[in-house]
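# What the coordinates show
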Amino acid sequence: MTFGYRLRFYLVGLILIGGFSALLIRLFVIQINRYDEFSSKVPGTSEVKVRMPGVRGIIRDRRGRVLVENIARYEMQFNLKEILTNYRRIIKDENLAITKINRTASVKKELKAVPVSIFDFKDGSGIRRKRKEDDMVTIVSELIFPYLARIGLYKEFHAGDLQRHWRTHGGLVPYTYRDDLTFEEYAIAAEHSLDLPGVAVTARPMRKYVYGALASHILGFVRQPDIKKIPAEERKKWEYYVPDDFGGDGIEKTMNHFLRGKPGQRIMLKNEKGRVVDSKNEEGEVIGEIAYEPPKSGSDVWLTLDLRYQYIAEQALRKVGRGAVVVVAPTSYKTKLKTLGKEEEHWVYAGDILAMASVPSYDPNKFIPSISEKDWKRYLENENNPLINRALKDHAPGSTFKIPVSLSGMLSDTEVRAFDCLGGARFGPKVFMRCWAKAKGYTHGSIKVREAIKTSCNGFFYRYGNATGIENILKVSKWMGLGTRSGIPLNNEDPGFIPSPQWKRVQGLGNWGEADTAQVSIGQGATEATPLQMAMVASTIANGGKYYRPRLIHKTVEEGKEKLKLSEVQYDLTKLGIPLEKIEICRSGMWDVVNAIRGTARRGKSKIVQISGKTGTAQTGRKRSNGTNETNAWFIAFAPYDKPKLAVCVMVENGKAGGTVCAPIAKRIIDGIMSVEQFNFNPKVASVKESEGNFDFVELVSFDDDPTEAFVGDDDGEDGTAVAATPAPDTGYAIRQARVIPTVKKAPDTRGSVKSRTVKRRIGILDRKGRGR
């Protein structure tokens, strides 16, 4: 072997050895030294944290009966970021195949690209601009919907909402494609979900309002959250953020911080394709998740309402198209009831709201999980305003306000004086304010306060109110909770209003005069009160002068621990200058209203219990279709007389008179509740349909199955049409629409409807030539 040949041999060997050595060193660096760096860049399995929404607490009545519960809701959700990632992977693979074909093909195929859409927006300067973004509607329509159509789970959708969700939330918050899966559809979807990266089905709690529209204005409803208002640092704790529902109205809203549960967490294992992979726990069992922390339930909220009393009140009130009822406990007492053969005792506390109803009403179940555009539009366009809780809306209280005025005169001993009716009273040369009796052709003569309460004499109270003065009227009104919100946990409560000389000056309406005091003395003009406030007036009279702040929340219960706060006496009239014997004059006058001859509410007389009350009829400033003035009818009452357990207020819009319209309703409610208390009558409470309401003039209310109504039928005379007074300033009487914003489920738009030929083709209804399959 020559030297040259041997040299070349050694050189090649050294080159080979050097090459292999460099390769080994490089492999060592990549696989050992920089393993963590490169392994993190290689798609593989990953842990994904999913936030599980908390479970809302149950809402119950005072005796533990369930009013609002949770049932399973089955949803199909899209993780749009995961779907986009999978779509890009598929596009990449297809483009690689196309590239290979194009190398030898004469006709070149175009490479595919991720579809984009353009949307308009305003920048920080308010300038309208355009921006490109991934067209998720097209991507989902191509990748997901054909498969869903094959297994029978495709449904029309609002494409604009899907695209906006992607623009706003990206892949952090799943997009809920369907929230109405049946259990059978849920089972099918769960079986096939592993075949669709980014598609998941979940079972989560959904609110159910057990008795339909019953107490809807109190219970309210829940809505889906505004993700934008959730802090970013809170959302970033999870890869998938499934938010909690929260209260949209009523108790669901005001007690949301108690009802809302604590979120749980599920940690899933996903492979490089974004699919959930099985793992094994310590016992060797195959599981679809590697960790699970269950969500916790919120506090149960117990209301002071009694389900039976609420049902009785709502059934009675549905005799009219628009109105409200409030039933409160004027005193604390222990009651007994036999349940399943056992006699139970529980306390009813002074100030407790036992029933509160308003018509028309709505069904909160229609808001769960979201209300359709059709139903929401129907509620908003209903001129009867079914979303309004009329028990908390202020109106002119009419002659029911004569009770606080009667008490105010007792601060100055005016109650001992007699005043003439004279068919009305003149204030200045131009203003004559009439008593309703004048329109009937007679006057009430010279009477004192008890007789004036019984006959509801306007002429008497014009003079009586001016004799005691507006300042005393304002004092007693405050002591009875008028002119201020009660503070119960319901939104949109009106404060009511008692006009004063200072208010009139501020409004630029001139100086206060005797005619103004006369207007206030009969509950007209700018005077306004809510049915809840007037129920508390009846309660204060019934219990001998103690005003309790009304109470709607009985207690909250969290993990077996109860929190109970009773109502306290806010004002005691007997300690403020009105002794019990003077209050008794008002109580006796209210007894006369119902039980004595010429009383204005004889249709409220009961054979079961002694009812005492006061009628009222107030002009609204609106005209009926026949040209007459529209009036609202009122009746406040308490029963029994000696040991009161109930105080009631009934208000009916467009009612002729309190005695013929409201008194029969109050009697029906009181008789029903006292039958429960005294005779263990247990009404069969069933789900209640919503009331749409109407504008019909209510002249008389009668219950055909009530045998006690046969002995009374006279008109009480007080219909509000005989009061001629100075025009009242506009205090915004018109009922305001409720300020509630539910989650509205939009109807399918053009891109998301199967009417679209593009969608039909994508989900397999049409072939590429537009022919049916």
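Residues numbered from 1 in each chain as written. Predicted model: local features only at pLDDT ≥ 70, side-chain atom pairs only at ≥ 80, totals over all residues. Heavy atoms only, no water.

Turning next to the overall build of the chain. A count of helical and extended segments in the chain gives 24 helices and 32 strands. In the chain, which comprises 773 residues, the share counted as buried stands at 54%. When contacts within the chain are restricted to residue pairs at least 6 apart in sequence, long-range pairs at least 24 apart make up 76% of them. Per element, the accessible surface of the chain, about 36,300 Å² overall, is 52% carbon and sulfur. (Helix = DSSP H or I, 4+ residues; strand = E, 2+ residues; numbered from the N terminus. Buried < 20%, exposed > 50% of the residue type's maximum accessible area, 1.4 Å probe, protein only. Contact = heavy atoms within 4.5 Å. Areas by Shrake-Rupley, 256 points an atom, 1.4 Å probe, with all protein chains shown as cover.)

Taken in spatial order, the five strands make up an open sheet running S19-S16-S31-S30-S29, and their pairing is antiparallel. At either end of the open sheet lies a strand with only one pairing partner, and these are strand S19 (353-359) and strand S29 (612-623). Here the strands of the sheet are splayed against their neighbours by 10° on average, with no regard to which way each runs. By the bridge criterion, seven bridges tie strand S30 (residues 629-639) to strand S31 (residues 646-652) in an arrangement that is antiparallel. Its bridge partner being in S31, Phe635 is matched across the sheet by Val650. In the packing of helix H23 (residues 658-679) onto the sheet, the strands contacted are strand S16 (323-328), S29, S30 and S31, and the crossing angle to S31 comes to about 145°. (Pairing = 2+ DSSP bridges. Axes fitted to C-alpha atoms, helices over the stretch in contact; angles between N-to-C directions.)

One pass over the structure, following the stated rule, counts eight cavities of 30 Å³ or more. Approximately 120 Å³ is the volume attributed to the largest cavity. Surrounding the largest cavity, 13 residues form its lining, Asp249, Leu387, Asn389, Asn491 and Asn492 being those nearest its centre. Across the lining of the largest cavity, the residue classes tally to six nonpolar, five polar and two charged. A volume near 100 Å³ is recorded for the second largest cavity. Looking at the second largest cavity, the residues that line it are Pro53, Gly54, Arg56, Asn70, Arg204, Pro205, Met206, Arg207, Val222, Asp244 and Asp245. By residue number, the principal contributor to the lining of the second largest cavity is strand S7 (residues 199-209), which donates four residues. (1 Å grid on protein atoms, 1.4 Å probe; cavity = no way out; pocket = protein on both sides within 12 Å on 5 of 7 lines; lining within 4 Å. Points joined across faces, edges and corners; volume = space filled by probe spheres on them. Nonpolar A, V, L, I, M, F, W, Y, C, P; charged D, E, K, R; others polar.)

Relative to the assigned elements, Asn694 resides in the loop between H23 and strand S32 (744-745). When its relative accessible area of 29% is taken as the criterion, Asn694 is described as partly exposed. A C-alpha to C-alpha distance of 6.7 Å links Asn694 and Arg322, two positions 372 residues apart in sequence. Beyond its immediate sequence surroundings of up to four residues, Asn694 is in contact with Gly321, Arg322 and Asn384.

Right, let's talk about the pairing of strand S15 (residues 300-303) for a bit. Along S15, one buried face is formed by Asp300 and Trp302 and the opposite face, lined by Val301 and Leu303, is buried too. The pairing of strand S2 (residues 59-60) with S15 spans two bridges and is classified as parallel. Within S15, the residue paired with Arg60 across the bridge is Trp302. Sheet analysis places S15 next to strand S26 (residues 553-558), joined by four bridges and oriented antiparallel. Pairing of Leu303 across the sheet is with Ile553, part of S26.

With that out of the way, let us pick up the layout of surface pockets. A volume near 1,200 Å³ is recorded for the largest pocket. Lining the largest pocket are 42 residues; nearest its centre among them are Asp161, Tyr175, Gln224, Thr743 and Val744. The dominant element in the lining of the largest pocket, judged by the number of residues it contributes, is strand S6 (residues 175-181), at six residues.

Once that is clear, we can look at the confidence of the model for the chain. On average, the chain scores 85 in pLDDT, and the residues at 70 or more come to 86%. Taken as a whole, residues 710-716 scores under 50 in pLDDT and shows 15 contacts with residues more than four places along the chain or in a different chain. Segment residues 721-736 is flagged for pLDDT under 50; beyond a separation of four residues in sequence, or across chains, it makes 41 contacts in the model. (pLDDT = per-residue confidence, 0-100.)

The next point concerns the packing of aromatic side chains. The full count for this structure, using the stated rule, is 26 aromatic pairs. Considering the side-chain rings of Phe78 and Tyr177, the 5.0 Å spacing of their centres and the 15° angle between planes classify their relative orientation as stacked. Linking Phe78 in strand S3 (residues 66-78) with Tyr177 in strand S6, this pair joins segments that are 99 residues apart in sequence. Among the residues examined, Phe78 registers a relative accessible area of 0% and is labelled buried. (Phe/Tyr/Trp six-rings, centres within 6.5 Å; stacked < 30°, edge-to-face > 60°.)

Moving on, we come to the environment of Pro197. Tracing the sequence through the fold places Pro197 in the loop between helix H7 (183-192) and S7. When the C-alpha atoms of Pro197 and Phe78 are compared, they prove to be 9.0 Å apart, with 119 residues separating the residues in sequence.

An α-helix turns once every 3.6 residues. As a result, residues three or four positions apart point the same way. With 19 of 22 residues buried, H23 lies mostly within the body of the structure. Positioned one or two residues after H23, Asn680 has a phi angle of 55°, which is positive.

The subject of this paragraph is the nonpolar core. Counting residues in hydrophobic clusters, the biggest one holds 138 residues, and the most contacted among them are Ile251, Leu303, Met356, Leu407 and Ile665. Excluding residues within four positions of it along the chain, Leu303 makes contact with Ile59, Arg60, Asp61, Arg62, Leu67, Ile218, Leu219, Ile251, Leu552, Ile553 and His554. Counting 30 residues, the second-largest nonpolar core is a separate cluster that includes Leu80, Ile91, Ile139 and Leu148. (Core = buried A, V, L, I, M, F, W, Y, C linked by side-chain atoms within 4.5 Å.)

On to the side chain of Ser606, then. One can find Ser606 in the loop between helix H22 (580-595) and S29. Within polar-contact distance, the side chain of Ser606 engages the backbone nitrogen of Val609 at 3.3 Å. Beyond its immediate sequence surroundings of up to four residues, Ser606 is in contact with Ile611, Lys667 and Asp671. (Polar contact = N/O pair within 3.5 Å; in protein donor to acceptor, adjacent residues only side chain to side chain.)

Taken together, the side chains of Val12, Leu16, Phe20, Leu23, Leu24 and Leu27 define a hydrophobic patch exposed on the protein surface, amounting to about 600 Å² of accessible area. For Val12, the location among the structural elements is in helix H1 (residues 3-33). Residue class for Val12 comes out partly exposed when judged on its relative accessible area of 48%. (Patch = residues over 30% accessible without salt bridge, like charges linked within 9 Å, V, L, I, M, F, W, Y side chains within 5 Å. Salt bridge = Lys/Arg side-chain N within 4 Å of Asp/Glu carboxyl O.)

Here we come to helix H21 (residues 531-542). Between its first and last C-alpha atoms H21 spans 16 Å; for twelve residues at 1.5 Å apiece the expected length is 16 Å, and the two agree. Burial analysis of H21 places twelve of its twelve residues in the buried class, the great majority of the element. Those residues of H21 not exposed but buried are Pro531, Leu532, Gln533, Met534, Ala535, Met536, Val537, Ala538, Ser539, Thr540, Ile541 and Ala542. Once H21 finishes, Gly544 follows within two positions and takes phi at roughly 90°, a positive value. (Expected span 1.5 Å × (residues − 1).)

With that settled, consider the pattern of salt bridges. This structure, assessed with the given rule, holds 35 salt bridges. The partner of Glu94 in a salt bridge is Lys112, with the nearest N and O atoms 2.8 Å apart. Of this pair, Glu94 sits in helix H3 (residues 80-104) while Lys112 sits in the loop between H3 and strand S4 (116-122), placing them 18 residues apart in sequence. Residue Lys112 is classed as partly exposed on the basis of its relative accessible area, which comes to 43%. Between Arg207 and Glu252 there is a salt bridge, with its nearest N and O atoms 3.0 Å apart. Here Arg207 is found in strand S7, whereas its partner Glu252 is found in helix H10 (residues 250-254), with 45 residues between them in sequence. Shared partners join several salt bridges into a network, and the residues in it are Arg73, Glu75, Arg204 and Asp245.

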